[in-house]
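# Structural features, examined
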Amino acid sequence: IAHALTGLELARRLEDGRSENSLLNALGLIAVEQRDIATAQRYFDACLQIPQQAGNLRFLGRTLNNLGMVSGYLSDYTASRRYYEQSLAYAREVGSRTDEGLVLGNLGWVAGALGDYAQGREYVEQGLRIARETGDLHSETYALINLSAFSGAQGDYDTAQRSAEQALALTQTSGDR
């Protein structure tokens, strides 16, 4: 963390918005891992001005995705959905299929948290198709886990079991445990 903070100071002195954004997002993700959600939100909020000024919509979309995650941790699912929807729009605008698939999975999770399993499943299935198209094994695994949960919640136990087994097989073959 100390090195990232030093890098952040240097990026600000050099007015290097790209590095500043990357470091703020990294520090925010570290704070999330440490379950310091308030600190994570401060880092991500600080990012919002940087990509807008630099015109980098991909950075902005990723920051909004991170804010969606933070809002979800705070159980503010309405804000979470709003951030994810904005992030999805930017992912599509810049043509980042990987980011689009990831955000669709996150929107699915929020829909499920709000009790809308049908909508959640639809988002997750879209994200799963994209993850498979792009070869993003992490997002594919995440989508399969969520698809299993949504399918089970809707009484589709065959799909739930099949999806869970596929997710398990992916984690075993990729070494992602």
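Now for a description of the structure that goes with this document. Position numbers for residues start from 1 in each chain and track the written sequence from start to end. Whole-chain, interface and lining totals are the exception, using all residues; otherwise, since this is a predicted model, local features are given only for residues with pLDDT of at least 70 and side-chain atom pairs are given and counted only at 80 or more. Note that the side-chain values use all heavy atoms of the structure and ignore hydrogens as well as water.

## Remarks on the side chain of Asn-146
Quick note on the threshold: Helix and strand definitions here come from DSSP, where helices need a minimum of 4 consecutive H or I residues and strands a minimum of 2 consecutive E residues; each element is numbered from the N-terminal end. When accessible area is computed with a 1.4 Å probe and restricted to protein chains, residues below 20% of their type maximum are described as buried, those above 50% as exposed, and intermediate ones as partly exposed. In what follows, a contact means two residues having at least one pair of non-hydrogen atoms within 4.5 Å.
Topologically, Asn-146 is positioned in helix α9 (residues 137-153). Here Asn-146 falls in the buried class, since its relative accessible area comes to 10%. Asn-146 has contacts with Gly-105, Trp-109 and Val-124, leaving out every residue within four places of it along the chain.

## Quick notes on the pattern of salt bridges
Let me state the cut-off plainly: Put simply, a salt bridge is a Lys or Arg side-chain nitrogen that is within 4 Å of an Asp or Glu carboxyl oxygen.
Scanning the entire structure with this criterion turns up nine salt bridges. Glu-100 serves as the salt-bridge partner of Arg-92, at 2.9 Å between the closest nitrogen and oxygen. The residue Glu-133 makes a salt bridge to Arg-97 at a minimum N-O spacing of 2.6 Å. Separated by 36 residues along the polypeptide, Glu-133 in helix α8 (residues 117-134) and Arg-97 in helix α7 (residues 97-113) bring together distant segments of the chain. Judged by relative accessible area, which is 57%, Glu-133 ranks as exposed. A relative accessible area of 34% means that Arg-97 is categorised as partly exposed. Each of the salt bridges in this network shares a partner with another, and the network as a whole consists of Arg-92, Arg-97, Glu-100 and Glu-133.

## Digging into a nonpolar patch on the surface
Rule in force here: Each patch is built from residues that are more than 30% exposed by relative accessible area and take part in no salt bridge. Like charges join if they lie within 9 Å; nonpolar side chains (Val, Leu, Ile, Met, Phe, Trp, Tyr) join within 5 Å. All accessible-area figures derive from a Shrake-Rupley calculation using a 1.4 Å probe, and residue coverage is judged against the displayed protein chains alone.
Taken together, the side chains of Ile-1, Leu-5 and Ile-30 define a hydrophobic patch exposed on the protein surface, amounting to about 230 Å² of accessible area. Relative to the assigned elements, Leu-5 resides in helix α1 (residues 2-13). On the accessibility criterion, Leu-5 (33% relative accessible area) is partly exposed.

## Some words on the environment of Gln-166
Using the following cut-off: Polar contact is defined as a pair of N or O atoms within 3.5 Å, subject to the rule that within protein one atom must be able to donate a hydrogen and the other to accept it, and that residues adjacent in sequence are counted only when both atoms are side-chain atoms.
Tracing the chain through its elements places Gln-166 in helix α10 (residues 157-174). Residue Gln-166 is classed as partly exposed on the basis of its relative accessible area, which comes to 31%. In this structure, Gln-166 is in contact with Arg-132 and Leu-144, ignoring residues within four places of it in sequence. In terms of polar contacts, Gln-166 uses its side chain to reach the side chain of Arg-132, at 3.0 Å.

## Structural notes on helix α5 (residues 57-73)
Selection criterion: Multiplying 1.5 Å by the residue count of a helix minus one yields the expected span of that helix.
Between its terminal C-alpha atoms α5 stretches 24 Å, which fits the 24 Å expected from 17 residues at 1.5 Å a residue. The buried fraction of α5 is high, at twelve of 17 residues. By the burial criterion, the buried members of α5 are Phe-59, Leu-60, Gly-61, Thr-63, Leu-64, Asn-65, Asn-66, Leu-67, Gly-68, Val-70, Ser-71 and Gly-72. Capping the start of α5 is the job of one residue whose side-chain oxygen sits 3.1 Å from the backbone nitrogen of Arg-58: Asn-56.

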